[in-house]
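# Architecture at a glance
Now for the letters of each chain:
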Amino acid sequence: MEFNLVTYLQSCTMILQANKDLNYLNFIYYSHIPTALVSFLFGFFIFFHSRRNRASQLFFLISVLFSFWSLFDIFLWTSVDSRATIFFWSIINLTENLVTVLTAYFAFVFIEKKDISFKVKILFSSLFLPYVVLLPTAFNIAGFNTVSCEAEQGVMVNYFYVLEILFFTVTLAYLIKKVVQVKRGNREQIVLFSIGILLFLVSFSGVNIAGSLAAIVNPENPDNWKILQYGLFGMPVFTGFLAYLIVRYEAFNIKLLAAQALVVALVALIASQFFFIQNTTNKVLTGLTLVASAFFGWILINSVRKEIVRKDQLQKISNSLAMANERLKELDNTKSEFISIASHQLRTPLTAIKGYLSLVLEGSYGPVSAEVHDVLEKINAANGNLIKLVEDLLNVSRIETGRVQYRFEPVRLETLVKDVTDMFLPLAKDHGLELDIHLPRKPLSELNLDAARIREAVANLIDNAIKYTQKGGVTVSVESNSSVARVIVSDTGIGIREDERENLFRKFVRSEESTKVSVAGTGLGLYVGKNFVEAHGGRIWAESDGFKKGSRFIIELPFRNPKLVNDRAMR
Ligand code: ADP
């Protein structure tokens with residue numbers, strides 16, 4: 001192909017500089033160079049942060065292509081070498097079409113969070129085939145116009161406009177469809193993103209098309225070319241906006257980005273000083289400042305990154321703990337259900353055994369020899385332990401499923417405590433222990449209690465005191481002041497270590513020492529007792545002077561049960 005080549009277009013430069021109303025070259029540089037640079041930086045920044053994210057890869061590609069496009073455009077407007085002008089004219093339309101099609105691709109990937117299908121990729125790529133075939137021919141660039149100092153475009157330019165309008169329309173239609181369809185959840189994200197993409201496209205190819213159309217309509221107007229330049233000024237803003245949206249919605253870490261941006265800006269600012277300073281001392285000082293800022297900046301970025309990694313790890317651990325906790329709760333509920341059913345089934349036969357055993361022991365089925373009597377007593381005791389265990393399990397499952405029903409009635413606490421203590425006299429005697437009771441001389445006012453539950457709580461304390469005391473005795477006392485009454489069960493037994501004291505009221509917890517002294521124990525009695533007492537608005541706690549120094553367990557019950565008072569007030 002033969003072009004009318006002019007290798008040094010001094011005349012062109014002169015024409016352009018002389019004819020335009022403002023300094024032509026400066027204007028071109030201002031509209032292109034910062035735009036290309038800023039867009040590239042945005043693209044690079046995003047890519048640097050999330051190399052594997054398809055949306056960031058596309059955004060980076062777009063920004064790189066756009067930067068190239070800007071540079072090509074500078075050359076074809078400013079070059080004084082017609083060969084360069086023709087070369088850049090020949091590839092600029094292809095670059096522009098590529099930016100627009102990639103923008104459509106990017107919009108899809110960002111919104112759908114998935115890649116497009118292979119077929120669509122092939123379809124869109126095949127639209128570029130004519131470029132590949134016709135790029136170096138006269139269909140693309142027909143020649144060089146020495147009067148206007150521009151390349152003359154061939155028929156391919158029409159194809160360029162068709163593609164440009166096609167991609168623009170496809171993107172627009174897709175975004176409108178998405179905005180209309182979107183549900184409430186990520187509406188804001190899609191609307192903002194659509195606005196960003198549209199502004200980007202309008203600023204880039206829309207303005208370009210408008211400029212070209214204006215030139216067709218009114219070729220004489222010297223300002224046609226300016227429309228395109230003004231569009232370019234919007235580009236860094238819109239690329240920045242898109243970059244911001246990616247950062248915001250693709251879960252980038254803002255803290256890290258901010259630290260990096262700060263360091264880059266600082267270093268760039270210090271480096272820019274080199275353009276102004278002349279004297280050597282200042283140059284050395286600025287150089288040192290630059291190195292120091294870069295070094296400490298690097299440390300800052302690294303420490304922020306480390307902190308983020310650590311935070312992420314903690315977050316992951318806490319998420320998995322929360323999940324495990326949920327699972328445990330479910331298991332716990334299932335277990336409570338199971339225990340409840342199993343215990344109910346166990347209780348009936350055990351109670352029957354207890355009934356028959358006492359009849360046999362009483363001699364209702366004829367005389368029983370002393371030896372057999374002894375054995376039957378042991379069976380009876382073991383059966384009693386089993387019944388207590390089943391009762392405890394049933395209570396735990398009732399407490400945990402919120403099915404304990406309380407029947408409050410006026411009760412004389414001293415009488416209740418005396419009855420329970422008397423029940424344990426034979427057991428204490430068997431263990432060779434004293435069991436004393438101290439009641440107040442003046443009778444207490446009645447308390448509003450569920451007698452059966454409080455009886456159970458007190459009985460467990462006395463039972464424990466006997467179980468965990470090998471020598472000495474157990475004392476049960478009742479005290480009161482104007483607002484509360486207390487039942488205190490103290491013993492001279494194994495005592496409690498300070499670090500174990502609080503935990504004893506939790507389910508299945510037993511102190512280390514107690515497991516050696518008594519095998520028969522479940523760690524449920526105190527837990528059940530605590531729940532019962534608290535349902536009365538009371539407290540239960542343990543005191544001990546230490547290991548082997550005896551223990552005191554105290555139940556405190558208010559004369560006016562605050563829970564009942566509240567309930568009444570609500571009715
Ligand atoms: P259990 O006695 O069946 O193990 P409890 O819930 O009644 O269950 O008691 C929990 C634990 O508290 C006991 O295993 C024991 O370690 C400790 N404990 C309870 N009472 C006493 C006491 N009087 N002296 C020392 N330790 C006690």
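As a starting point, this report considers the structure included with it.

Before going further, it helps to spend a moment on the sheet that holds strand β4 (residues 434-438). The strand order across the open sheet formed by 5 strands is β4-β6-β7-β9-β8, and the pairing between neighbours is mixed. Each edge of the open sheet is held by one strand with a lone partner, namely β4 and β8 (539-544). When strand polarity is set aside, the average angle formed by the axes of neighbouring strands in this sheet is 15°. Where strand β6 (residues 473-480) meets strand β7 (residues 484-491), 7 bridges bridge the pair, whose relative direction is antiparallel. Counterpart to glutamate 479 in the pairing with β7 is arginine 486.

Turning next to the side chain of serine 340. Following the sequence through the fold, serine 340 ends up in helix α11 (residues 280-362). Given a relative accessible area of 9%, serine 340 falls into the buried group. Leave out the neighbours within four places in its chain, and serine 340 touches Leu394, Ser397 and Arg403.

Our focus in this paragraph is the pattern of salt bridges. A complete count under the given rule lists 19 salt bridges for this structure. With a closest N to O distance of 4.0 Å, lysine 378 and aspartate 374 form a salt bridge. Residue lysine 378 and its partner aspartate 374 are located together in helix α12 (residues 370-400), separated by 4 residues, close to a single helical turn. Relative accessible area serves as the criterion here: at 58%, lysine 378 is assigned to the exposed category. The salt bridge involving glutamate 513 is made with lysine 516; its shortest N-O contact spans 3.4 Å. Remark: lysine 516 and glutamate 513 occur in helix α16 (residues 512-517); sequence separation between them is 3 residues, near one turn of the helix. Classification of lysine 516 by relative accessible area gives exposed; the value is 60%. A cluster of three or more residues bridged by salt bridges with shared partners is formed by Asp332, Lys335, Glu400 and Lys507.

Cut-offs used in this document
Residues numbered from 1 in each chain as written. Predicted model: local features only at pLDDT ≥ 70, side-chain atom pairs only at ≥ 80, totals over all residues. Heavy atoms only, no water. Pairing = 2+ DSSP bridges. Helix = DSSP H or I, 4+ residues; strand = E, 2+ residues; numbered from the N terminus. Axes fitted to C-alpha atoms, helices over the stretch in contact; angles between N-to-C directions. Buried < 20%, exposed > 50% of the residue type's maximum accessible area, 1.4 Å probe, protein only. Contact = heavy atoms within 4.5 Å. Salt bridge = Lys/Arg side-chain N within 4 Å of Asp/Glu carboxyl O.

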